[in-house]
Amino acid sequence: MDALHPRLLVDDFPTAFRFYRALLGEVAGATLARGGENGPYASWDLDGQTLLALYGRAAMAADLGAPVPGGRHSGDATVLVLRVPAAEGALEAAVESCARYGGALVTAVRERPEWGPTLRAAHLRDPDGNLVELQSY
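What you are looking at is a predicted structure, and each value in this text was computed from that prediction instead of being measured. (Residues numbered from 1 in each chain as written. Predicted model: local features only at pLDDT ≥ 70, side-chain atom pairs only at ≥ 80, totals over all residues. Heavy atoms only, no water.)

S.K.: Just checking my understanding: could you explain the packing of aromatic side chains for this structure?
M.R.: One pass over the full model with this rule turns up four aromatic pairs. Centroid distance F17 to W44: 5.5 Å. Interplanar angle 35°. Geometry classified as tilted. Of the two residues, F17 is situated in helix α1 (residues 13-27) and W44 in strand β3 (residues 41-46); the sequence distance between them amounts to 27 residues. As far as burial versus exposure is concerned, F17 and W44 are alike and both buried. Measuring from centroid to centroid gives 6.1 Å for Y41 and Y55, while their planes differ by 65°, and the two rings are edge-to-face. Note that Y41 is positioned in strand β3 and Y55 in strand β4 (residues 49-56), a separation of 14 residues in sequence. Following the ring pairs from residue to residue traces out a cluster consisting of F13, F17 and W44. Above the face of the Y137 ring, R83 is positioned so that its terminal group lies 3.8 Å from the ring centre. One residue, R112, lies across the ring of W115, its end atom 3.8 Å from the ring centre. (Phe/Tyr/Trp six-rings, centres within 6.5 Å; stacked < 30°, edge-to-face > 60°. Helix = DSSP H or I, 4+ residues; strand = E, 2+ residues; numbered from the N terminus. Buried < 20%, exposed > 50% of the residue type's maximum accessible area, 1.4 Å probe, protein only. Lys NZ or Arg CZ within 6 Å of the ring centre and 35° of its normal.)

This is the structure:
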């Protein structure tokens, strides 16, 4: 049995794909395992396990034969949390990479000692509005 993994439903598949290809490849070190920019499905693996999958919301609705509410203005249902190496400047570089591929900064990199003694974090929204937390410690 494969390990469970998050699957994000997205409205603009090509834009979301480019964002996550950069984020998961450059920041997390994952590799594209299935799918491509034209969708409607793609997934990335890390250490032989699926880290994240994307699926087009319209394709999911077609599969289910029913609307699948959600998207940019529906509120947060998930937060994808990725750990970035604690090396000097790595978290800032990850935030810059996300912004370069359509991510929108929510909170800048900041110290979060209430979460852990050396923890630093930043929050972004992916191109489809999903919340992403990058943290290092």
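S.K.: Would you mind showing me how to read the pattern of salt bridges here?
M.R.: When their charged atoms lie close together, side chains carrying opposite charge are able to pair. If you walk through the whole model with that rule in mind, you get eight salt bridges. Between R57 and D11 there is a salt bridge, with the nearest N and O atoms lying 2.8 Å from each other. Of this pair, R57 sits in helix α2 (residues 57-64) while D11 sits in the loop between β1 (7-10) and α1; the two residues are 46 residues apart in sequence, bridging distant segments of the chain. Given a relative accessible area of 10%, R57 falls into the buried group. One salt bridge connects R120 with E92, and the closest N-O pair in it is separated by 2.3 Å. Taken together, the residues span a long stretch of sequence, with R120 in strand β7 (residues 120-125) and E92 in helix α3 (residues 90-100) at a distance of 28 residues. A relative accessible area of 28% places E92 in the partly exposed class. Connected through salt bridges with shared partners, the residues D11, R57 and D128 form a single ionic network. (Salt bridge = Lys/Arg side-chain N within 4 Å of Asp/Glu carboxyl O.)

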